[in-house]
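Chain and residue survey
Each chain is listed here by its residues.
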Amino acid sequence: MTGQLGTDLAAPPAGWTTPDSPATEAAGSWSPALSPDGRHAAYVSDRGGAPQVWVRPAGGDQAFPVDTGGEPVAAVHWSTCGGWLACRLSPGGAPRHEIWLVRPDGSALHQVAGFGVDTADNLRWLPGGPMLAVTENLSRAVLVDAGTGRRQVVAEGELIALLDVSPDHGRALLRRGPRGARRLVVRDLRSGLERYVTDGEQGCFGPDGHTVYAVSDAGEFAVLVRAGGDGKAAVVAGAGRGEVESFAVTVDGRTGAVLWNVRGGESELALIDLAHGARRVVEPLPGTVAGGLMWSADGRTLAFTVEGPGQPHGVWAYALAPDAAGLDGVLRPVSVQAAATGAARPVLHAFRSHDGLEITGWLVRPPGDGPHPAVVWLHGGPEAQERPGHNPLFQSLADHGIAVLAPNVRGSSGFGRRFVDADNGALRYAAIADVAACVAYLTSAGIADPARVGCAGRSYGGYLTLAALTTYPELFAVGVDVCGMANFATFYAHTEPWIAAAAVTKYGDPIADAELLRDLSPITRIDRLRAPLLVVHGANDSNVPVIESEQVVAALAARGVPHRYVLFPGEGHDLLHRHTRAEYLRVTVDWLTRHLSGSGPSMTTAV
């Protein structure tokens, strides 16, 4: 065992409570950020009800909140010089983000990016000083000097993101292009010339300012590559049994941390000596799914998040042994909550879809023999992935005797480039048919009662739910649409401009492909929907605007289809407040159990 577990692993920090049941909407912690010496950790937690920044001394029992105002915090980053925290806020819970700087003691709070209607993302502190790289509106790459407040635009253009800047500030690493077709380039900030590095989403400079590390999507499966100034790339970490998901490199360039996506969605974490190639696996991980890799500036401590069934996101730190030259270290909790006892464990199932393509899905099954009432849950994205992490809804439904199959239909990530592109444009009809194949598998395997199958999903999964309910109305007894798209024409017209521009490669062009998009829009055949439908939306959602749900609700009301509409004020595309998520969980479980138990439909409207 390479990563030794600290002795305080089993005990949650002071002030935390263990969930009463697997379905409890427990607090979580994420977005770890370490002080330069690794002696303090900042992170985001909703332990107080809404996401905010907390700071905790290493090994200490007390965490201290950092006041950033009343808006939810999505992420925090600690400057490499130690003097500032950069906080990404989500005003009103919407997808738009603002960047605020604050001292670790809570003083000197001020905004530096994402002003007005702009949104700011892709934060990265540059080594050696208080310089922050950010991207606004996927069109403007900006450097912010935290000491003086000076802003410098280093690149502009449609669908660009600033990933890093060389130590001499002479070169910028940019990401260009829409979803599914992004490439990394190095831009010379003096001449404006650019050189291609690889296809991909993630990258950073090495300490020499010429070498680039990147997760490359140029092949079938994602790998970590190192590209020199001459443009030649070598694989540092191959796909092996799965895809390279993310990575982090120490400031001195000596050590890399790499996350692999394996076994259909579980995580494996390894440290790599980038000079000599030595590798150590950090095991066992205290959960099934990890993320958020972040090194301290001194390169001695790695922070990351871990979650699992009945176990919300928690922050952990792997500290390299101070007297060792290798990669051995100690794994300790920073801000974690003990996993709920008795949580149902998802099991990976594989089956063939309508055209022979293999589909996998995570099955959460209630006790006892089937067939059970069942729900097919569809994830967002579409280029996301259902993974065996923390999901209170799945646990609660299993407690109520309902099985949940959460498939990764075509278009999902984690299974290679061809699979993630297999639903682009007109290929989306095949992804809709994958949902019917899920029902066929559940019923033929004796898992589900064919008369008691529901379909539910969020964001793109909400769209796919509506598409399945209107394409295969005979298969489903109930549905839940959480902020799903109903009409591609209105989605493109009302979503944020940068979201619309990036989505064309996935869905189609709103003008050139207007007829295809009309036919793929569930609102076009809403008269075929007959299952009782729960519709849920955040009032401030500007990613999938509320007009998408309003169309569906109006159409169902006009046709007398049983439905319920729940609109959450103060929330955007994600439900960020714990009390809102708890209410969403209660309403959704009640809706599904009532209709899958055969007690009859109801038509109400709720806010």
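Along every chain, residues carry numbers that run from 1 in the direction the sequence is written. In keeping with the model being predicted, local features are shown solely for residues with a pLDDT of at least 70 and side-chain atom pairs are shown and tallied solely at 80 or more, while totals for entire chains, interfaces and linings include all residues. In computing side-chain properties, one takes all heavy atoms of the structure into account and sets aside hydrogens as well as water.

Lines fitted to C-alpha atoms define the axes here, with helix axes fitted over just the stretch in contact, and angles between the N-to-C directions of these axes take values from 0 to 180 degrees. The helix count covers DSSP runs of H or I at least four residues long, the strand count covers runs of E at least two residues long, and both are numbered beginning at the N terminus. For the pair helix 1 (residues 392-399) and helix 9 (residues 578-596), interaxial distance at closest approach is 10 Å and the crossing angle is 40 degrees. Taken together, the axis directions place helix 1 and helix 9 in an arrangement best described as oblique. The chirality of how helix 1 crosses helix 9 is right-handed. Residue-level inspection shows Pro392, Leu393, Ser396 and Leu397 of helix 1 in contact with helix 9, the latter providing Tyr584, Leu585, Thr588, Val589 and Leu592. Residues belonging to the contact of helix 1 with helix 9 are distributed by class as follows: seven nonpolar, two polar and no charged. Here roughly perpendicular refers to angles of 65 to 115 degrees, roughly parallel to angles under 35, roughly antiparallel to angles over 145, and oblique to all remaining angles. Crossing handedness is defined as follows: a turn of the near helix away from the far one that is anticlockwise and smaller than a right angle gives a left-handed crossing, while the clockwise case is right-handed. The contact definition used throughout considers only heavy atoms, calling two residues in contact when any of these lie within 4.5 Å. Each residue is assigned to one of three groups, with Ala, Val, Leu, Ile, Met, Phe, Trp, Tyr, Cys and Pro labelled nonpolar, Asp, Glu, Lys and Arg labelled charged, and all others, Gly among them, labelled polar.

Strand order in the open sheet formed by four strands is 2-3-4-5, with antiparallel pairing between adjacent strands. The sheet is open, and its two borders are formed by strand 2 (29-34) and strand 5 (64-66), each paired with just one other strand. Strand-to-strand twist in this sheet, taken as the mean axis angle between neighbours without regard to direction, amounts to 30 degrees. Only strands that DSSP links by at least two bridges are regarded as paired with each other.

Now for the side chain of Thr495. Assignment of secondary structure puts Thr495 in the loop between helix 5 (488-494) and helix 6 (497-507). Here a polar contact is recorded for every N or O atom pair within 3.5 Å, except that within protein the pair must consist of a potential hydrogen donor and a potential acceptor, and residues adjacent in sequence are included only if both atoms are side-chain atoms. Looking at Thr495, its side chain comes within polar contact range of the main-chain oxygen of Asn543, at 2.6 Å. Ignoring any residue separated from it by four or fewer positions in sequence, one finds Thr495 in contact with Ala500, Ser542, Asn543 and Pro545.

Quick look at the sheet that holds strand 9 (residues 110-113) now. With respect to topology, four strands assemble into an open sheet ordered 6-7-8-9, the strand pairing being antiparallel. Each of the sheet's edge strands pairs with one partner strand only, and the pair in question is strand 6 (73-78) and strand 9. Neighbour-to-neighbour, the strand axes of the sheet open up by a mean angle of 30 degrees, direction not taken into account. In terms of strand pairing, strand 8 (residues 98-102) meets strand 9 through three bridges, oriented antiparallel.

Moving on: unusual backbone geometry. Omega for the bond connecting Glu283 with Pro284 falls within 30 degrees of zero, at -5 degrees, which places this linkage in the cis form. Of note in this structure, Asn122 is not a glycine but carries a positive phi near 55 degrees. Its location among the elements puts Asn122 in strand 10 (residues 120-125). Phi angles above zero are rare outside glycine, and Ser459 is one such case at about 60 degrees. Along the chain, Ser459 falls in the loop between strand 33 (448-458) and helix 4 (460-471). Here the term buried applies to any residue with accessible area under 20% of the maximum for its type, exposed to any over 50%, and partly exposed to those in between, with areas from a 1.4 Å probe on protein chains only. Judged by its relative accessible area of 10%, Ser459 is buried.

In terms of nonpolar packing, the biggest core is built from 71 residues, with Tyr463 and Tyr507 touching the most fellow members. Tyr507 has contacts with Arg179, Gly381, Pro382, Gly425, Arg428, Tyr460, Met485, Phe488, Phe491, Tyr492 and Leu517, leaving out every residue within four places of it along the chain. Buried Ala, Val, Leu, Ile, Met, Phe, Trp, Tyr and Cys residues that are joined via side-chain atoms within 4.5 Å together make up what is termed a nonpolar core. The next biggest cluster of nonpolar side chains, apart from the first, holds 28 residues, and it includes Val375, Leu397, Ile402 and Val478.

Within strand 31 (residues 372-378), seven of the seven residues are buried, leaving the element largely enclosed by the surrounding structure. The sheet contact formed by strand 31 and strand 33 spans six bridges and is parallel. Bridge pairing in strand 33 places Ala374 opposite Val453. As defined by bridge partners, strand 31 adjoins strand 32 (residues 403-408) across three bridges and the pair is classed as parallel. Looking at the pairing, Ala374 lines up with Ala403 of strand 32. As for the winding sense of the linkage, the β-α-β connection from strand 31 through helix 1 to strand 32 is right-handed. Seen with its strands pointing away from the viewer, a crossover is right-handed when the path leading from the first strand over the helix to the second is clockwise.

For Arg182, the position within the fold is in the loop between strand 15 (171-176) and strand 16 (183-188). Judged by relative accessible area, which is 14%, Arg182 ranks as buried. Residues contacting Arg182, with those up to four places away along its chain left out, are Arg175, Arg176, Gly177, Asp199, Gly200, Glu201 and Ala502.

Here we take up the environment of Ile447. If you trace the backbone, Ile447 turns up in the loop between helix 3 (428-444) and strand 33. For Ile447, a relative accessible area of 2% corresponds to the buried category. With 73 residues separating them along the chain, Ile447 and Ala374 place their C-alpha atoms 8.0 Å apart. Ignoring anything within four residues of it in the chain, the contact list for Ile447 reads His349, Leu363, Arg365, Gly370, Pro371, His372, Ala403, Tyr441 and Leu442.

Put simply, helix 3 and helix 4 touch, their axes get as near as 9 Å, and they point 75 degrees apart. Taken together, the axes of helix 3 and helix 4 lie roughly perpendicular to each other. In contact with Arg428, Ala431, Ile432 and Val435 of helix 3, helix 4 contributes Tyr460, Tyr463, Leu464, Ala467, Ala468 and Thr471. Residue classes in the contact of helix 3 with helix 4 are distributed as eight nonpolar, one polar and one charged.

This part covers helix 8 (residues 547-559). Here a helix's expected span is defined as the number of its residues, less one, multiplied by 1.5 Å. A rise of 1.5 Å per residue sets the reference length of helix 8, with its 13 residues, at 18 Å; its end C-alpha atoms lie 18 Å apart and thus fit the reference within 8%. Three or more residues of helix 8 are buried, namely Glu548, Ser549, Gln551, Val552, Val553, Ala555 and Leu556. Here the buried face of helix 8 lies against helix 4, strand 34 (478-482), helix 5, strand 35 (533-538) and strand 36 (563-568).

It is worth spelling out the pattern of salt bridges at this point. Between Lys or Arg on one side and Asp or Glu on the other, a salt bridge is scored when a side-chain nitrogen of the former is within 4 Å of a carboxyl oxygen of the latter. Per the counting criterion, the structure on display carries 30 salt bridges. Its salt-bridge partner being Arg182, residue Glu201 comes within 3.1 Å of it at the nearest N-O pair. Taken as a pair, Glu201 in strand 17 (residues 194-205) and Arg182 in the loop between strand 15 and strand 16 lie far apart in primary sequence, 19 residues in all.

Glancing now at helix 1. Counting buried residues along helix 1, seven of its eight residues qualify, which places the element largely inside the surrounding structure. Listed in full, the buried residues belonging to helix 1 are Pro392, Leu393, Phe394, Gln395, Ser396, Leu397 and Ala398. The elements touched by buried residues of helix 1 are strand 30 (358-364), strand 31, strand 32 and helix 9. Its side-chain oxygen placed 3.1 Å from the backbone nitrogen of Leu393, Asn391 serves as the N-cap of helix 1.

Before going further, it helps to spend a moment on the packing of aromatic side chains. Two rings from Phe, Tyr or Trp (for Trp, the six-membered ring) form a pair when their centres are within 6.5 Å of each other. A pair whose planes differ by under 30 degrees is stacked, one over 60 is edge-to-face, and the rest are tilted. With the rule as written, the count across this model stands at nine aromatic pairs. Centre to centre, the rings of Tyr460 and Tyr507 are 6.3 Å apart; their planes meet at 15 degrees, and the pair counts as stacked. Placement of the pair is Tyr460 in helix 4 and Tyr507 in helix 6, with a sequence separation of 47 residues. Look at Tyr460 and you get buried, because its relative accessible area is 2%. Assessed through its relative accessible area of 2%, Tyr507 is described here as buried. Relative to Phe488, the ring of Tyr463 has its centre 5.2 Å away and its plane inclined at 55 degrees; by these criteria the two rings are tilted. Residue Tyr463 is found in helix 4, and its partner Phe488 is found in helix 5; the two are separated by 25 residues along the sequence. Each member of the aromatic cluster is reached from another via a ring pair, and the members are Tyr460, Tyr463, Phe488, Phe491, Tyr492 and Tyr507. The ring of Trp54 carries Arg47 above its face, with NZ or CZ at 4.5 Å from the centroid. Only when the NZ of Lys or the CZ of Arg is both within 6 Å of the ring centre and within 35 degrees of the ring normal is a charge said to sit over the ring. Taking the ring centre of Trp84 as reference, the NZ or CZ of Arg103 above it sits at 3.7 Å.

Nothing here speaks to function; it is geometry throughout.
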